[in-house]
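Architecture and fold: a report
Given next are the chains, with one letter for each unit.
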Amino acid sequence: MMDLDQLNEIALRMVAPGKGILAADESTGTIGKRFEGIGLENTETNRRNWREMLFRTEPAMSEHISGVILYDETLRQSSDDGTRLAELIAKAGAVPGIKVDTGAKDLAGAPGEKITEGLDGLRDRLNEYYELGARFAKWRAVINIGANGDESMPSQYCIGVNTHALARYAALCQEANIVPIVEPEVIMEGDHDIERCFEVTEYTLRKLYAELFDQGVVLEGTVLKPNMVISGSKCAEQASREEVAELTVQCLMNTVPAAVPGIAFLSGGQSDEDATAHLSIMNEGFDLPWPMTFSYGRALQAAPLKAWNGSNVEAGQAAFNHRARMNGLASLGEWNESLEQAAE
Ligand code: 5MM
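Counting starts from 1 at the beginning of each chain's written sequence and moves along it residue by residue. In keeping with the model being predicted, local features are shown solely for residues with a pLDDT of at least 70 and side-chain atom pairs are shown and tallied solely at 80 or more, while totals for entire chains, interfaces and linings include all residues. Neither water nor hydrogens contribute to the side-chain values; these are computed over all heavy atoms in the structure.

**With respect to the overall build of the protein**
In DSSP terms, a helix is any run of H or I states spanning at least four residues, a strand is any run of E spanning at least two, and both are numbered starting from the N terminus. For the protein, the helix and strand inventory stands at 14 helices and 10 strands. With respect to the principal axes defined by its C-alpha atoms, the protein has extents near 50 × 50 × 40 Å. Here the protein, with 344 residues, has 57% of them falling under the buried criterion. In what follows, a contact means two residues having at least one pair of non-hydrogen atoms within 4.5 Å. At a minimum sequence separation of 6, the contacts of the protein that also span at least 24 residues come to 78%. Under the counting rule used here, the positive set is Lys and Arg, the negative set is Asp and Glu, and His together with the chain ends is not counted. Every charge is mapped onto a representative atom, which is NZ of Lys, CZ of Arg, CG of Asp or CD of Glu. Across the protein, 30 positive and 52 negative side-chain charges occur, with their mean positions spaced 6 Å apart. Here's how the labels work: a residue is buried when its accessible area is under 20% of the maximum for its type, exposed when over 50%, partly exposed in between, all with a 1.4 Å probe on protein chains only.

See below:
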């Protein structure tokens, strides 16, 4: 039976002060691309060693990481001493979570647009994931913005079907007593300006909350994982950090109900430092109805991966400790640039 108190308690743990989420849920193909950067073969053992190194990092895990999003394979893996990786996470006081979508596929009849799949058989998979220790899940929808001012992309069709699927996923999660992270990612790659990102993100979030309402999802048992409102990576005019913070907060205030326990941003290809700085400026300068923290993949893992380089555990853990601490401070609005320099 659905336990709303438990869902709310887990959601609040995921956005606890000074902590955020490690998105380590790269599918086998995506982690392969990351490993290519350090010339490492994409084997099951290397994937396990990399993630085990992260999950054993202290004090990062117990002080700054509230939860870890895993890929199916990782939730089932154990270290050489027989400890399940999910158990390592739980022992550090963080909540194990699981990515349950099966990826963004081409959307029929809409060239250049995507639909996230994975609803078939999801109820059974969620029940199994609960038994394996997962207490939250993640589903990511991909919303592309058209190039050269093409206003037909994203289409209402694309936003409609993706937000509908996100709500169907969220309702199934709650039925299984798993907190759904809903992640509608408006993609940063592109030549659009920050105003266009604002417009598309605002529309997407309005549709998302209408769908969640229509499908009976209890907001107190959810976490939102949105993109920040940001200039496209190929836009000639890049907004300042202050503008990103201001427009992101304005967009979320316009659309996200106060009943949502918290917001955990994706990093979306921002530099490590920009992702941290934006989060800190938002937390420092605005009076917000929800805690705002990180759920970063690349912005938490790029530096540790480079430092680890396939085997250097000490260097990898030092780099992860640093990024986790910087983002933990940002979630409190207490990060500043001199803290980054001090560590160099
Ligand atoms: C960690 O990367 C996740 C995507 O993996 P696949 O593309 O292989 O499914 C991704 O969903 C991630 O959790 C979020 O987008 C946040 O990651 P970033 O790197 O944007 O912070």
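On we go from here.
**A short note on the packing of helix α2 (residues 28–36) against helix α3 (residues 44–55)**
Angle between the axes and distance between the axes are the two parameters that describe a pair of packed helices. Axis separation between α2 and α3 bottoms out at 11 Å; the angle between their running directions is 75°. Classified by the angle between their axes, α2 and α3 sit roughly perpendicular to one another. Side by side, α2 and α3 meet where T28, I31 and F35 of the first sit next to N46, R47, W50 and R51 of the second. Tallied by class, residues from the contact of α2 with α3 come to three nonpolar, two polar and two charged. Helix axes are fitted only over the stretch in contact, all axes being lines through C-alpha atoms; the angle between N-to-C directions runs from 0 to 180 degrees. When describing relative orientation, an angle under 35 degrees is termed roughly parallel and one over 145 degrees roughly antiparallel, while 65 to 115 degrees is termed roughly perpendicular and anything else oblique. Here the term charged refers only to Asp, Glu, Lys and Arg, the term nonpolar to Ala, Val, Leu, Ile, Met, Phe, Trp, Tyr, Cys and Pro, and the term polar to all other amino acids, Gly among them.

**Let's talk about the side chain of N177**
In this structure, N177 sits in the loop between α8 (156–175) and β7 (179–186). N177 sits in the buried class, given a relative accessible area of 13%. Not counting residues within four places of it along the chain, the set of residues in contact with N177 comprises M1, M2, D3, Q6, L7, Y130 and R135.

**A closer look at the site of the ligand**
Distances are taken per atom, and a residue is near a molecule or strand as soon as one of its heavy atoms is within 4 Å of it. In the region of the ligand, 18 residues are neighbours, and S27, T30, K138, S267 and R298 sit closest. Between the ligand and the protein, one listed contact pairs an oxygen atom with a side-chain N or O atom of D25 at 3.0 Å. The side chain of R298 places a nitrogen or oxygen atom 2.7 Å from an oxygen atom of the ligand. Protein contact buries 90% of the 500 Å² of open area that the ligand shows by itself. Contributions of two or more residues to the shell around the ligand are made by β6 (136–143), β7 and β10 (292–296). Along the lines of polarity and charge, the residues of the shell around the ligand split into three nonpolar, six polar and nine charged. In protein, a polar contact means a hydrogen-donor-capable atom and an acceptor-capable atom, both N or O and within 3.5 Å, with residues adjacent in sequence counting only if both atoms are side-chain atoms; elsewhere, any N or O pair within 3.5 Å suffices. Each accessible area is a Shrake-Rupley estimate made with a 1.4 Å probe; only the visible protein chains count as cover when residues are assessed.

**Looking at a negative patch on the surface**
Taken together, D193, E195, E237, E242, E243 and E246 make up a surface patch of like negative charges. Counting residues per element, the negative patch draws most heavily on helix α10 (residues 241–255), at three residues. Residue position: E195 is located in helix α9 (residues 194–214). Patches in this entry comprise residues that are over 30% relatively accessible and not in a salt bridge; like charges within 9 Å are linked, as are nonpolar side chains (Val, Leu, Ile, Met, Phe, Trp, Tyr) within 5 Å. Just to be clear on terms, a salt bridge is a Lys or Arg side-chain nitrogen sitting within 4 Å of an Asp or Glu carboxyl oxygen.

**Let's talk about α3**
With 12 residues, α3 extends 16 Å between its outermost C-alpha atoms, agreeing within 8% with the 16 Å of an ideal straight helix rising 1.5 Å per residue. Among the 12 residues of α3, nine are classified as buried, and the element is accordingly described as predominantly covered. Among all positions in α3, only N46, R47, R48, W50, R51, E52, M53, L54 and F55 are buried. For a helix, the expected span equals 1.5 Å multiplied by the number of residues minus one.

**Considering the pattern of salt bridges**
Under the definition given, this model contains 22 salt bridges. Across the salt bridge formed by R47 and E73, the nearest N and O atoms sit 2.8 Å from each other. Placement of R47 in helix α3 and of E73 in helix α5 (residues 72–75) is noted, with a sequence separation of 26 residues between them. Among the salt bridges present, the one from D72 reaches R76, with a minimum N-O distance of 2.9 Å. Looking at R76, the relative accessible area reads 39%, which means it is partly exposed.

**Some remarks on the packing of aromatic side chains**
Classification of ring pairs uses Phe, Tyr and Trp, with its six-membered ring standing for Trp, and accepts pairs whose centres are within 6.5 Å; under 30 degrees between planes counts as stacked, over 60 as edge-to-face, and the remaining range as tilted. Applying the stated criterion across every chain yields a total of four aromatic pairs. Ring geometry for F294 and Y296: centres 5.7 Å apart, planes at 40°, overall tilted. Residue classification places F294 among the buried residues on the basis of a relative accessible area of 0%. Of the residues examined, Y296 reaches a relative accessible area of 0% and is grouped as buried.

Any functional reading would require information beyond the geometric quantities listed.
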